[in-house]
Amino acid sequence: MRSLFPNSLTVRCARSDLRFSGSSAGYTWAWLAPAGTGSAVIQQLVRLGIGTISVFDGDRFAGSNVNRVYGSTVFDAGRAKVVLQSQQVHGIGLGTDVRAIPRHITEESAARELRSCDVVFGCTDKALPRGILVRLALHYLVPVIDMGVTIESEEGTICGIYGRVTTLMLGEACLFCRGRTSPDRIREESLPVEQREREVAEGYAKELATNEPAVIMFTTMVAAQAVSELLHRLTGFMGADRESSEVLLFLHESRIRTNRTPPNPDCQCLRARSLGEGGHQELSRTHLGTASYSVMFRPTR
Ligand SMILES: [Zn+2]
């Protein structure tokens, strides 16, 4: 099992009796889109004693999402999601610091903030931010725990409920060579609505997935698995032989599988020249310069 932190960096906890390891004054700052999985991750991290959380999201809360967002009420409609979650965290009273960034990480100024995170939780259902997180893990060695939930149905009948938690680190297969996202998907998401509808009709593009499923027990189960992956990387509580970098949950079958796939030799996660440039100690704070940043937005195979 590879630790998320190759050196001595550990977690600063808000409560002195809740230390994941015994030393250091490092921070764990998590990137979260605080919707279904994101809000569940936040609730767990805070109660585990995480010292500082950075929350990234440029959206405002939709009242219809109260069925899947912890801490929300029907009266929060229209409020910035990051403000809503920030108040929730402060209200818990465990002393967790919150950095609320009301912008999507697809904005350059927000993406730059990711450099100061020690661990990132990817709770998005979009391809472009996932591509950015892959770059972050590969080029700046910021560990990313990416998650997703998908519900498949045919003619109105649910036929599959799937969860995924993938840990992105240098030396592990990324989301592109695992087939979890693709440059085509990023391009399709980036198209103007009319052009995308035209390409879908012509068979050149796929229908975009709808938003994260509004089934709170499934998003919560996947979020709990993601937080467990963090704890395992920090403490090794699942045992030394548990080396997988991806967990797949077949929720409609009560099955869980794990895998550890080597990087595809043709994929960016092995080919790119600037992998890990700068070293772990400095990368998250100094190496997201303009040149590197421009690369982040051109995911390639
Ligand atoms: Zn790859």
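Scope of this entry: the structure provided in the associated data block. Nothing here was measured: the structure is a model prediction, and the numbers come from that model.

So, the overall build of the protein
- Check the secondary structure of the protein and you find 10 helices and 7 strands.
- Expressed as a percentage of the 301 residues in the protein, the buried residues total 40%.
- Restricting to contacts in the protein with at least 6 residues of sequence separation, those with at least 24 account for 66%.

Looking at the nonpolar core
- V41, V120, L136, A137, V142, C174 and A226 are the most contacted members of the largest nonpolar core, which has 53 residues in total.
- What C174 contacts, discounting residues up to four positions off in sequence, is V134, L138, L168, P263, C267, Q268 and C269.

Looking at the packing of helix α4 (residues 127–139) against helix α5 (residues 183–190)
- Closest axis-to-axis distance for the α4/α5 pair is 8 Å, and the angle between their directions is 135°. With respect to each other, α4 and α5 are oriented oblique. Judged by residue contacts, A127, L128 and G131 of α4 engage R185, I186, E189 and S190 from α5.

Structural notes on the packing of helix α1 (residues 36–48) against helix α2 (residues 81–92)
- Packing of α1 against α2 leaves a shortest axis separation of 10 Å and a crossing angle of 25°. Of the possible angle classes, the one that applies to α1 and α2 is roughly parallel. Between α1 and α2 the crossing geometry is right-handed. For the pair formed by α1 and α2, the contact residues are S39, I42 and V46 on the first element and Q85, V89 and I92 on the second.
- By residue class, the composition of the contact of α1 with α2 is 4 nonpolar, 2 polar and no charged.

Section: the sheet that holds strand β6 (residues 246–250)
- With mixed pairing, 5 strands are arranged side by side in an open sheet as β3-β4-β5-β6-β7. Two strands bound the open sheet, and with one partner strand each, they are β3 (120–122) and β7 (255–259). Going from strand to strand, the sheet's axes swing by 15° on average, the running direction of each strand aside.
- For strand β4 (residues 144–154) and strand β5 (residues 157–168), the ladder comprises 11 bridges, and the chain directions are antiparallel. If you follow V149 over to β5, its bridge partner there is G163.
- Lying on the sheet, α4 is in contact with β3, β4 and β5; it crosses β4 at an angle near 150°.
- Contacts from helix α7 (residues 216–235) reach β3, β4, β5 and β6 within the one sheet, and its direction differs from that of β5 by about 20°.

A few points about unusual backbone geometry
- Positioned with a positive phi, L141 is a non-glycine residue whose angle comes to about 55°.
- Secondary-structure assignment places L141 in the loop between α4 and β4.
- Take L141: there are 21 C-beta atoms within 10 Å of it, and that puts it in the buried class.
- Phi is positive for S254, close to 55°, though the residue is something other than glycine.
- On the secondary structure map, S254 appears in the loop between β6 and β7.

Cut-offs used in this document
- Residues numbered from 1 in each chain as written.
- Predicted model: local features only at pLDDT ≥ 70, side-chain atom pairs only at ≥ 80, totals over all residues.
- Helix = DSSP H or I, 4+ residues; strand = E, 2+ residues; numbered from the N terminus.
- Buried ≥ 20, exposed ≤ 12 C-beta atoms within 10 Å, placed from the backbone.
- Contact = placed C-beta atoms within 7 Å.
- Core = buried A, V, L, I, M, F, W, Y, C linked by C-beta atoms within 7 Å.
- Axes fitted to C-alpha atoms, helices over the stretch in contact; angles between N-to-C directions.
- Parallel < 35°, antiparallel > 145°, perpendicular 65-115°, else oblique.
- Left-handed = near helix turned anticlockwise from the far one by under 90°.
- Nonpolar A, V, L, I, M, F, W, Y, C, P; charged D, E, K, R; others polar.
- Pairing = 2+ DSSP bridges.

Honestly, that's just the spatial picture; any functional story needs more than this.
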